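Now for the letters of each chain:
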Amino acid sequence: MNESSSRPLAVFDLDNTLADTAHRQRFLERRPRDWDAFFAAAPDDPPIPEGVALALSHAEECEVVYLTGRPERCRRDTLEWLAAQGLPKGRVHMRRNGDRRPARLTKLEILRGLARDRTVRVLVDDDELVCVDAERAGFTVVRARWTAPSGELHQAQEGEGRT
């Protein structure tokens, strides 16, 4: 067993936890929602200082893992964004293309899978329903409350399974 495989995991959400999506919310306010434009604008997300600092702090003792509702087709942009922000390298778990289940279901499924082999020290996420379900499942949660909640994004996560 190498050192990284024995370290506990710190699991971080991306949107509105590490990446500020406010500039691209307008694409979700349209009807129909413009998902292509919403995700295409993700590389321009400013980092959220509180989230970045927390990830860097946890990286001292934990292996950082990223858990996002972004679809798999956004992987390249996501990896480039993480590297550009100086965030710790880590596995990135993304929603399968076409998976429209609510974020609280897809994320909890992945968390439970991670916990089969490793200790999950913390989940950091902005989605209240994800946080509540993760706590009910026995995970330690930090609520990322450093951005204003978006009703449009919440509806997209729960009702449309898009992010």
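This text goes with the structure placed above it.
Described in the following lines is the structure provided in the data block. Keep in mind the model is a prediction, meaning the values are calculated, not measured. (Residues numbered from 1 in each chain as written. Predicted model: local features only at pLDDT ≥ 70, side-chain atom pairs only at ≥ 80, totals over all residues. Heavy atoms only, no water.)

### With respect to the nonpolar core
Ranked by size, the top nonpolar core spans 26 residues in total, and within it Phe 12, Leu 18, Phe 38, Tyr 66, Trp 81, Leu 82 and Leu 87 carry the most contacts. Among the elements of the structure, strand S1 (9-12), helix H2 (26-29), helix H3 (35-40), helix H4 (49-58), strand S2 (63-71), helix H5 (75-84), strand S3 (92-95) and strand S4 (120-125) are those that each provide at least two residues to this core. By residue number, the principal contributor to this core is H3, which donates four residues. With residues near it in sequence (within four places) discarded, Phe 12 still touches Thr 17, Leu 18, Gly 51, Leu 54, Ala 55, His 58, Val 64, Val 65, Tyr 66, Leu 67 and Val 124. Among the nonpolar cores identified, the runner-up in size contains 15 residues, and Val 65, Leu 111, Val 130 and Val 141 belong to it. (Core = buried A, V, L, I, M, F, W, Y, C linked by side-chain atoms within 4.5 Å. Buried < 20%, exposed > 50% of the residue type's maximum accessible area, 1.4 Å probe, protein only. Helix = DSSP H or I, 4+ residues; strand = E, 2+ residues; numbered from the N terminus. Contact = heavy atoms within 4.5 Å.)

### Considerations on the side chain of Thr 78
Structurally, Thr 78 is set in helix H5. With sequence-adjacent residues up to four places away left out, Thr 78 is seen in contact with Leu 14, Arg 70, Val 92 and Met 94.

### A closer look at the sheet that holds S2
Strands sit in the order S3-S2-S1-S4-S5 across an open sheet of five strands; the sheet is parallel. Both edges of this open sheet fall to S3 and strand S5 (141-143), since each of them pairs with a single strand only. The mean angle between the axes of side-by-side strands here comes to 20 degrees, regardless of whether they run parallel or antiparallel. Where S1 meets S4, four bridges bridge the pair, whose relative direction is parallel. (Pairing = 2+ DSSP bridges. Axes fitted to C-alpha atoms, helices over the stretch in contact; angles between N-to-C directions.)

### Section: the pairing of S3
By the bridge criterion, three bridges tie S2 to S3 in an arrangement that is parallel. Residue pairing for S3: Tyr 66 is matched across the bridge by Val 92. Taken together, S2, H5 and S3 form a β-α-β motif whose crossover is right-handed. (Right-handed = clockwise from strand over helix to strand, strands pointing away.)

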